[in-house]
Amino acid sequence: MSSFGSPPPTSKTPSLPPAVIFQHPGRIWQLALCNAWESLQQVGQVWQPLPRILVASIPDRIEAILQDRPASFAVLSTKSLHYQACLQRLPDWTQRHPLATFCVINNSGIDLKPALWELGVRCVVQSTWETEILARWLAWHLRRLDEPPDQWLKGVWDRLPWPRWSGTGLVSG
């Protein structure tokens, strides 16, 4: 068993490519994400195709998709009837599926960002006007999956201040 609490993929348990899982009822958010993704592609900010979009309104269906596609990008919605049940399962999902990213569409009118961030949600948007933010988080998510772990660690090390200070010359700021 891996250190993340879920078994590594084997020939018996194939891991499907990541998908975008929408809990939101209706298709407006899916269409808005497609348009935002296309806009980002036109300006060269994303190069991958948009992953497959799946809709799953109940927690058990979201769980099943995460089992098949553990590196998915899940978008939960405060408008869903099952939103609170999903929030209750969110800590377990983030622990069992560490490659997944969770976002929330908050139409409630209440500022839920601090509480949602504590639960592991990366992005909170309120209207389709903010779909580009959601698309940018999706692009970040996909780039993170493509980056080999040793490159990620090297990137973190390169951003730390002390390698610049290791020389004998003066430090300029």
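Being a predicted model, the structure only gives us computed values, none of them experimental.

K.L.:
So what's going on with the environment of L81? Residues and values would help.
P.N.:
As for its placement among the helices and strands, L81 is situated in the loop between β3 (73-77) and α3 (83-96). Separated by 57 residues in the primary sequence, L81 and H24 place their C-alpha atoms 9.6 Å from one another.

K.L.:
With reference to specific residues and values, describe the confidence of the model for the protein chain.
P.N.:
Put simply, the protein chain has an average pLDDT of 83, and 76% of its residues get 70 or more. Taken together, the stretch residues 1-13 has pLDDT below 50 and engages in 8 contacts with residues farther than four places along the chain or on a different chain. Across residues 169-173 the pLDDT falls below 50, and counting only partners more than four positions away or on other chains, this stretch makes 1 contact in the model.

K.L.:
Before we move on, could you go through the sheet that holds strand β4 (residues 101-105) and cite the residues and values that matter?
P.N.:
In space, the 5 strands of this open sheet follow the order β2-β1-β3-β4-β5, with parallel pairing throughout. Both outer strands of the open sheet, β2 (52-55) and β5 (123-125), are each paired with one neighbouring strand and no more. Taken pair by pair, the neighbouring strands of this sheet meet at an average axis angle of 20 degrees, ignoring direction. With 4 bridges joining them, strand β1 (residues 19-22) and β2 adopt parallel strand pairing. Along β2, the bridge assignment pairs A19 with R52. Contacting β1, β2, β3 and β4, helix α2 (residues 59-68) crosses the sheet at an angle of about 175 degrees to β1.

K.L.:
With reference to specific residues and values, describe the packing of aromatic side chains.
P.N.:
Across all of its chains, the model carries 2 aromatic pairs by this definition. Judged by centre distance (6.2 Å) and plane angle (15 degrees), the ring pair of W93 and F102 falls under stacked. The exposure class of W93 is buried, given its relative accessible area of 0%.

K.L.:
For helix α1 (residues 28-42), give the residues involved together with the corresponding values.
P.N.:
Across its 15 residues, α1 extends 21 Å between first and last C-alpha, which sits within 8% of the 21 Å expected from 1.5 Å per residue. Those residues of α1 that sit buried are W29, Q30, A32, L33, A36, W37 and L40. The buried residues of α1 occupy an angular sector of 160 degrees when the element is viewed end-on, so they sit on one face. With respect to the buried face of α1, the exposed residues turned more than 90 degrees away are I28, N35 and Q42. Lining the buried residues of α1 we find β1, β2, β4, β5 and α5 (131-146). Once α1 finishes, G44 follows within two positions and takes phi at roughly 80 degrees, a positive value.

K.L.:
Can you explain the packing of α2 against α3? Please cite residues and give values.
P.N.:
The contact between α2 and α3 brings their axes to 11 Å, and the two run at 15 degrees. If you check the angle between α2 and α3, you find them roughly parallel. Note on packing geometry: the crossing formed by α2 with α3 is right-handed. Residues P59, D60, I62, E63, L66 and Q67 of α2 lie in contact with α3, whose contacting residues are A85, C86, R89, W93 and R96. Classifying every residue of the contact of α2 with α3 gives 6 nonpolar, 1 polar and 4 charged.

Calculation rules
Residues numbered from 1 in each chain as written. Predicted model: local features only at pLDDT ≥ 70, side-chain atom pairs only at ≥ 80, totals over all residues. Heavy atoms only, no water. Helix = DSSP H or I, 4+ residues; strand = E, 2+ residues; numbered from the N terminus. pLDDT = per-residue confidence, 0-100. Contact = heavy atoms within 4.5 Å. Pairing = 2+ DSSP bridges. Axes fitted to C-alpha atoms, helices over the stretch in contact; angles between N-to-C directions. Phe/Tyr/Trp six-rings, centres within 6.5 Å; stacked < 30°, edge-to-face > 60°. Buried < 20%, exposed > 50% of the residue type's maximum accessible area, 1.4 Å probe, protein only. Expected span 1.5 Å × (residues − 1). Arc of directions from axis to C-beta. Parallel < 35°, antiparallel > 145°, perpendicular 65-115°, else oblique. Left-handed = near helix turned anticlockwise from the far one by under 90°. Nonpolar A, V, L, I, M, F, W, Y, C, P; charged D, E, K, R; others polar.

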